[in-house]
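Below are the chains, spelled out letter by letter.
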Amino acid sequence: MRTLKKIGLILLTIIAVLALVIGVFVYTLKPSYSGQQQLTNLTKEVKVYYDTYGIPHIYGDSEIDAFRALGYVHAQDRLWQMELLRRIASGRLSEVFGKDLLGTDKFFLSLGIADASKATVAKVDKDDTGVLLAEAYLDGINQFIKEGPTPVEFYLTGIDKKDFALEDVYNTIGYMAFSFAMAHKTDPLLTTINTKLGPEYLKDLNIGSSIDTEWIRNYNPTEADSIQNNLTTVINKALGALNIPLFEGSNSWVISPEKTKNGKVVFANDPHIGFAQPSVWYEAHIETPEYSKYGYHIAGIPFPLLGHNRKLAYGLTMFENDDVDFYYEQSNPENENQYLTESGYVDYEIVKKTIRIKDSSNVDFSYKKSIHGPILNDIADQIKGDRPVAMSWMYTQMDNKVIDALFGLSHATNLTEFKSALPKIHAPGLNVMYGDAEGNVAWFASAQLYQISDSINTKLIYEVGGGLPIKKKLLDFNENPQAVNPPWHYVYSANNQPDSIAGMLYPGYYLPENRARRIVNLLEPKNDWDTESVSQMITDVTSPIHPIIVTDLTELINVSLLSEIELNILNRLSLWKGSYELSSVEATVYTRWIYYYLKNTFKDELGEELFNQFLGTHFMKRLIAPLSKNESSIWWDNVTTKDKKENMKEIVNKSFNQAIASLEKDFGKNSDDWRWEKVHTIEHEHPIGQIAALRSFFNVGPFPVVGTREVINNMAFPYDDTGYYKTSSGPSTRRIIDFSDVENSISILPTGQSGNPLSKHYKDQAEMYVKGEFRKMMMNKEEIKTTSSSKLVLSPK
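Residues numbered from 1 in each chain as written. Predicted model: local features only at pLDDT ≥ 70, side-chain atom pairs only at ≥ 80, totals over all residues. Heavy atoms only, no water.

A.B. asks: Can you break down the confidence of the model for the chain residue by residue, with the values?
C.D. replies: Per-chain confidence: the chain averages 90 in pLDDT, with 91% of residues scoring 70 or above. Note that pLDDT drops below 50 for residues 14-25; the model gives that stretch one contact with residues more than four away or on any other chain. Segment residues 222-230: pLDDT under 50, and 21 contacts once partners within four positions in sequence are set aside and those in other chains are kept. (pLDDT = per-residue confidence, 0-100. Contact = heavy atoms within 4.5 Å.)

Structure below.
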């Protein structure tokens, strides 16, 4: 008995010691928000005050010291995120996650982002101020790598920490540019539909520019006023599985003093990005004698993509212009390593790469390149058949000056300086929004645009010898869509179609007018906007389009065949205003109905694989409203029923009946139980949170959440047969700057400031976010000092 007691005591002692050791070890992995730390290359002391939500307020005597400090504090909260983002474009995910990511690595290497980054860095001016600041930022990251605690993800994946270099910055920007592009999801699919079904099936897909939708209006006072097969399914699935943010859409509006309560500009912006944990933005406030900025940073990028100070504010939405083209190449039948050009057959360029695989041997692979770009047949499984398909992407074809542009935007002191930086953004296409304390408001569609003939359909793979020429006729930046201080006293963007330029409606993958129309409808009649009213608008969950679609579809319902429950639902839908509150039953019914409506219309022609690809496109979102008015569409007929030709009325009735039946099966016959909160949720997933035992530690949520696809509070989700809508993307921040009271401007992040799950700021904003609440973006030094939760002093070593 005594022996057992001794054994028990020994075991308890061992457990206690282990618990203590684990506790101490875990404690050492937490970010340090207070105390002192010495950094090499600092010239003077830098003070970092952390506010209640863990945002660093960095005060230095020089800008280069402040950026070195920024790199250090950014890394201690987001080093794992930095590591993931720099690996995507350089094809190094398999090194961390194993052979399942081999196809993704091959694809990104073939895009040429890493090669373009290397070429760009080789040509940079090392004495350029922007380069010096970027190098200081990277030095701060690398000093944290050497001296700071190792984030827990590095232990769990078994990878070593390695220094960051300027190439990593460009690779991260390159991934961001790729995630903006929709052509990869659209052009091969439309080409397949055209080839498989015929051009008449493209007519009703709403793939072109439209004169019947809400446009973003041009107004440039310096010009005359009269100027008027899814390729990436597997790639996106792989990145989605890793919970790496994909950039998808956005809202922004800037209101002139004439329409605001206090006679100063009010600025609002909420970029829509795939949800992940950690969230995409890292907030940091920097003050030096020559630089002041409250900025939003991407992990590993030194300059903020969104920012403001007391003089001006700027933000981004996605332009959605078409900057990717696909070309068929004709190989030499006698030599598979040659292809046809205007001057005859020439050799493909053969590019060779090596990919490291975790717990396996390295993989060597090669791919062909034509004058247009990489041949995708040997890289992407989605490109089927013997005809070689080459991809041409504007991002890798021109000198990359995006870092110069971000430096210029963040250091501009007025509208003129700000605009001068924009032509350096050749890709990705961005709607850049601007407002300042002087009362100026502006919108600029920033990208290198080029002349496109009306006879060229940019949404299809070009035949041999066709399509756009290699040397395109480039447009001057002043010809881009833009509006500066328009007489209607506001500018906005919701990724919708811009006004005409250079005699054409510029082709793109624009989103439907839903959000744009709601924004315009709210802004137009009101002339006393302030922070409170704009904060209500930015969390608005009402669609002006969905009730119109309901009206169109219900006119086709055969009410004589409906049950009492179905009649009650139809009556509720007829009174619905398009709101997606948690208690809404109508929102649940409408969303189910539209899914079955799309499935019954398109799946018979497309088949399972192409239908699922179709559901991920922008043109799918654009076609729902016009299709609801088009009874003559070729798509209504079910091609699998040879002895019958279906019509729109049959499809609409069948879809409604299926929606009601599925809801009864899931939630019972009491329709009051079919509330939106039961089907629409958000969970911020971490790559390692996929392991069930670690889910609650790494992931944040799930929470029921208001909103839906294409309302201002754009909580988007993928459609599938489950009838449950797990929000995958939405506002990555909501920020409002009122120049009548800049120091009380407000913002929110989806989860928290830190990417370290051991930090108290890992998820301290999550519940505020789903409730539509905000917190201050503090800029007053005395207030920051007196309310600061901790202070970190960085001094020269």
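Back to the text.
A.B. asks: Any details on the environment of Ile545? Residues and values, ideally.
C.D. replies: For Ile545, the position within the fold is in the loop between helix H15 (531-538) and helix H16 (546-554). Sequence spacing of Ile545 and Ala625 is 80 residues, and the spatial spacing of their C-alpha atoms is 7.4 Å. With near-sequence residues (within four places) excluded, Ile545 lies in contact with Glu513, Asn514, Arg517 and Ala625. (Helix = DSSP H or I, 4+ residues; strand = E, 2+ residues; numbered from the N terminus.)

A.B. asks: Residue-level account of the packing of helix H17 (residues 564-575) against helix H20 (residues 648-667), with values.
C.D. replies: Two numbers describe how H17 lies on H20: the axes approach to 11 Å, and their chain directions differ by 110°. On the basis of their axis angle, the class for H17 and H20 is roughly perpendicular. Only Phe656, Asn657, Ile660 and Glu664 of H20 make contact with H17, whose side of the interface consists of Ile565, Glu566, Ile569, Leu570 and Leu573. The residue makeup of the contact of H17 with H20, split by class, is six nonpolar, one polar and two charged. (Axes fitted to C-alpha atoms, helices over the stretch in contact; angles between N-to-C directions. Parallel < 35°, antiparallel > 145°, perpendicular 65-115°, else oblique. Nonpolar A, V, L, I, M, F, W, Y, C, P; charged D, E, K, R; others polar.)

A.B. asks: Tell me about the sheet that holds strand E22 (residues 700-704), and please be specific about residues and values.
C.D. replies: One open sheet accounts for three strands, arranged E22-E21-E23; its pairing is mixed. The open sheet has two edge strands with one neighbour each: E22 and strand E23 (725-727). Across the sheet, the axes of successive neighbouring strands diverge by a mean angle of 25°, strand direction being ignored. Here strand E21 (residues 680-684) pairs with E22 via three bridges, running antiparallel. Of the residues in E22, the one forming a bridge with His684 is Val700. (Pairing = 2+ DSSP bridges.)

A.B. asks: Give me the layout of surface pockets: which residues, what numbers.
C.D. replies: Put simply, the second largest pocket is a space of about 640 Å³. Taken together, 35 residues line the second largest pocket, and the ones lying closest to its centre are Lys621, Arg622, Ile624, Ala625 and Pro626. Those elements that provide at least two residues to the lining of the second largest pocket are helix H14 (514-523), H16, helix H18 (585-614) and helix H19 (618-627). Element by element, the count of residues in the lining of the second largest pocket is highest for H19, at seven residues. (1 Å grid on protein atoms, 1.4 Å probe; cavity = no way out; pocket = protein on both sides within 12 Å on 5 of 7 lines; lining within 4 Å. Points joined across faces, edges and corners; volume = space filled by probe spheres on them.)

A.B. asks: How would you explain the side chain of Glu566 if you had to name every residue and give the values?
C.D. replies: Within the secondary structure, Glu566 is located in helix H17. In this structure Glu566 is buried but unpaired, with Lys669 as the nearest side chain of opposite charge at 9.0 Å. Non-local contacts of Glu566, meaning those with residues more than four positions away in its chain, are made with Leu561, Phe656, Asn657 and Ile660. (Buried < 20%, exposed > 50% of the residue type's maximum accessible area, 1.4 Å probe, protein only. Lys, Arg positive; Asp, Glu negative; His and termini not counted. Salt bridge = Lys/Arg side-chain N within 4 Å of Asp/Glu carboxyl O.)

A.B. asks: Would you mind going over the sheet that holds strand E2 (residues 46-50) in detail, with residue names and values included?
C.D. replies: In space, the eleven strands of this open sheet follow the order E1-E28-E2-E3-E6-E7-E8-E9-E17-E18-E19, with mixed pairing throughout. The open sheet is flanked by strand E1 (35-39) and strand E19 (482-484), the only strands paired with a single partner. Direction aside, neighbouring strands of the sheet carry axes that sit 20° apart on average. Sheet topology note: the strand E8 (residues 306-308)/strand E9 (residues 312-318) ladder contains two bridges and is antiparallel. Counted as the bridge partner of Gly307 is Tyr314 from E9. Sitting on the sheet, helix H2 (residues 63-89) is in contact with E1, E2, strand E3 (56-59), strand E6 (282-288), strand E7 (291-297) and strand E28 (790-796), with an inclination near 160° to E6.

A.B. asks: Give a description of the pattern of salt bridges that names residues and reports values.
C.D. replies: With the rule as written, the count across this model stands at 34 salt bridges. A salt bridge links Arg86 to Glu83, with the nearest nitrogen and oxygen atoms 2.8 Å apart. Taken together, the residues Arg86 and Glu83, both in helix H2 and three residues apart, mark about one turn of the helix. Given a relative accessible area of 3%, Arg86 falls into the buried group. The exposure class of Glu83 is buried, given its relative accessible area of 1%. In this structure, Glu710 engages Lys621 in a salt bridge whose closest nitrogen and oxygen atoms are separated by 3.9 Å.

A.B. asks: Describe the packing of aromatic side chains, naming the residues involved and giving the relevant values.
C.D. replies: Within this structure, the stated rule accounts for 43 aromatic pairs. Pairing Phe444 with Phe477 gives two aromatic rings, centres 6.4 Å apart and planes at 35°, and the pair type is tilted. Separated by 33 residues along the polypeptide, Phe444 in strand E18 (residues 441-446) and Phe477 in the loop between E18 and E19 bring together distant segments of the chain. Taking relative accessible area as the criterion, Phe444 reaches 0% and is therefore assigned buried. When the ring of Tyr597 is compared with that of Trp636, the centres are 5.9 Å apart and the planes differ by 45°; the resulting orientation is tilted. (Phe/Tyr/Trp six-rings, centres within 6.5 Å; stacked < 30°, edge-to-face > 60°.)

A.B. asks: Tell me about the pairing of E7, and please be specific about residues and values.
C.D. replies: Within E7, seven of the seven residues are buried, leaving the element largely enclosed by the surrounding structure. Of the two faces of E7, the one lined by Tyr291, Lys293, Gly295 and His297 and the one lined by Ser292, Tyr294 and Tyr296 are each fully buried. Pairing analysis gives seven bridges linking E6 to E7, with the strands arranged antiparallel. Its bridge partner being in E7, Ile286 is matched across the sheet by Lys293. Where E6 folds back on E7, the antiparallel hairpin that results is connected by two residues. Two strands pair when backbone bridges link them, and E7 and E8 are joined in this way by three bridges, in the antiparallel orientation. The partner of Tyr296 across the bridge, within E8, is Leu306.

A.B. asks: Help me get a handle on unusual backbone geometry, residues and values and all.
C.D. replies: Cis geometry is adopted by the peptide bond preceding Pro278, which originates at Gln277 and carries an omega value of 5°. Mapping Pro278 onto the fold places it in the loop between strand E5 (266-274) and E6. The amide bond that connects Ala427 to the next residue, Pro428, takes the cis arrangement and shows omega of 0°. Residue position: Pro428 is located in the loop between helix H13 (415-421) and strand E17 (430-436).

A.B. asks: Tell me about the environment of Asp325, residues and numbers included.
C.D. replies: Tracing the sequence through the fold places Asp325 in strand E10 (residues 324-328). As a C-alpha pair, Asp325 and Met394 span 69 residues in sequence and 8.8 Å in three-dimensional space. Not counting residues up to four positions away in its chain, the partners in contact with Asp325 are Ala390, Met391, Ser392, Tyr450, Thr458, Tyr462, Leu468 and Lys472. Looking at Asp325, its side chain comes within polar contact range of the side chain of Tyr462, at 2.7 Å. (Polar contact = N/O pair within 3.5 Å; in protein donor to acceptor, adjacent residues only side chain to side chain.)

A.B. asks: Now, about helix H5 (residues 113-123): what can you tell me, with residues and values included?
C.D. replies: Within the sequence span of H5, burial applies to Ile113, Ala114, Ala116, Ser117, Thr120 and Val121. Projected onto a plane normal to the axis of H5, the buried residues spread over an arc of 160° and lie on a single side. The outward face of H5, more than 90 degrees from its buried face, is lined by the exposed residues Lys118, Ala122 and Lys123. The inward-facing, buried residues of H5 abut H2, helix H4 (102-111), helix H8 (166-180), strand E16 (389-393) and helix H11 (394-397). (Arc of directions from axis to C-beta.)

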